[in-house]
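The residues making up each chain are set out below.
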Amino acid sequence: MIRTLVGVLGALSALYPDEIVELFEKLAVANPSEGTVRGWVRPAVRSEGALIAAVSLLNGRAYAWLMNLTGLFGAIILLFPDLYRRFATAFLYERPESIEWNERFKSAVRAIGALYVFFAAKTYRKRHNDT
């Protein structure tokens, strides 16, 4: 079930990168009209989504690595949400100093991190119980 969910989310990102970026900004950024997302972000969202969807279809070792990486990323954003916000601002926006994050998004970042860790742990456990 998790593999299917991950695959569908990847496919949605690949098909609708503009909408994914707009949704992220609407939820995460207090002043989305102030910042300009770097030109490579939307194509990167599309590529990442296509890769995730493909890996989810394949299952196997590539999917295991994807879920391990997801769990690691989830642990980082769960434990260090402010670090994630600073990095994301500098990485994604042309004028990062103009970006103001919604304070309530800090809780959402932690929740997403916890969910990623949960999915990775569940996938790891299933993988090791099946062998």
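In what follows, the accompanying structure is described. Model, not experiment: these values are computed from the prediction.

Glancing now at helix α5 (residues 81-92). Under the 1.5 Å per step criterion, the end-to-end length of α5 is 16 Å for 12 residues, consistent within 8% with the ideal 16 Å. Listed in full, the buried residues belonging to α5 are P81, Y84, R85, A88, T89 and L92. In a view along the axis of α5, the buried residues occupy a sector of 130°, so they form one face of it. Those residues of α5 that are exposed and angled more than 90 degrees off the buried face are R86 and F87. Here the buried face of α5 lies against α2 (17-28), α3 (41-58), α4 (60-79) and α6 (105-129).

We now examine the environment of A50. Take A50: it is sitting in helix α3. Residues A50 and G7 lie 43 residues apart in sequence; the distance between their C-alpha atoms is 8.9 Å. Residues contacting A50, with those up to four places away along its chain left out, are G10 and A14.

For the structure on display, the rule yields four salt bridges. Two residues, D18 and R42, come together in a salt bridge whose shortest N-O distance is 3.0 Å. Of the two residues, D18 sits in helix α2 while R42 sits in helix α3, which places them 24 residues apart along the sequence. Judged by relative accessible area, D18 falls into the partly exposed class, the value being 35%. Its relative accessible area of 26% is what places R42 among the partly exposed residues. Ionic pairing is found between K106 and D82, a salt bridge with its closest N-O pair at 3.1 Å. Placement of the pair is K106 in helix α6 and D82 in helix α5, with a sequence separation of 24 residues. For D82, a relative accessible area of 29% puts it in the partly exposed group.

Judged by side-chain polarity, L5, V8, L9, L12, L15, Y16 and I20 come together as a nonpolar surface patch covering roughly 600 Å² of accessible area. It is helix α1 (residues 2-15) that provides the largest number of residues to the nonpolar patch, a total of five residues. Structurally, L12 is set in helix α1. Look at L12 and you get partly exposed, because its relative accessible area is 38%.

Compared with the 16 Å implied by 1.5 Å per residue over 12 residues, the 16 Å span of α2 between its first and last C-alpha is a close match. When α2 is considered as a whole, its buried residues turn out to be P17, V21, E25 and A28. Looking down the long axis of α2, one finds its buried residues gathered within 85° of arc, a one-sided arrangement. Looking at the packing, one finds that the buried side of α2 touches α1, α3 and α6.

Parameters and conventions
- Residues numbered from 1 in each chain as written.
- Predicted model: local features only at pLDDT ≥ 70, side-chain atom pairs only at ≥ 80, totals over all residues.
- Heavy atoms only, no water.
- Helix = DSSP H or I, 4+ residues; strand = E, 2+ residues; numbered from the N terminus.
- Expected span 1.5 Å × (residues − 1).
- Buried < 20%, exposed > 50% of the residue type's maximum accessible area, 1.4 Å probe, protein only.
- Arc of directions from axis to C-beta.
- Contact = heavy atoms within 4.5 Å.
- Salt bridge = Lys/Arg side-chain N within 4 Å of Asp/Glu carboxyl O.
- Patch = residues over 30% accessible without salt bridge, like charges linked within 9 Å, V, L, I, M, F, W, Y side chains within 5 Å.
- Areas by Shrake-Rupley, 256 points an atom, 1.4 Å probe, with all protein chains shown as cover.

All we've got here are geometric facts, nothing functional implied.
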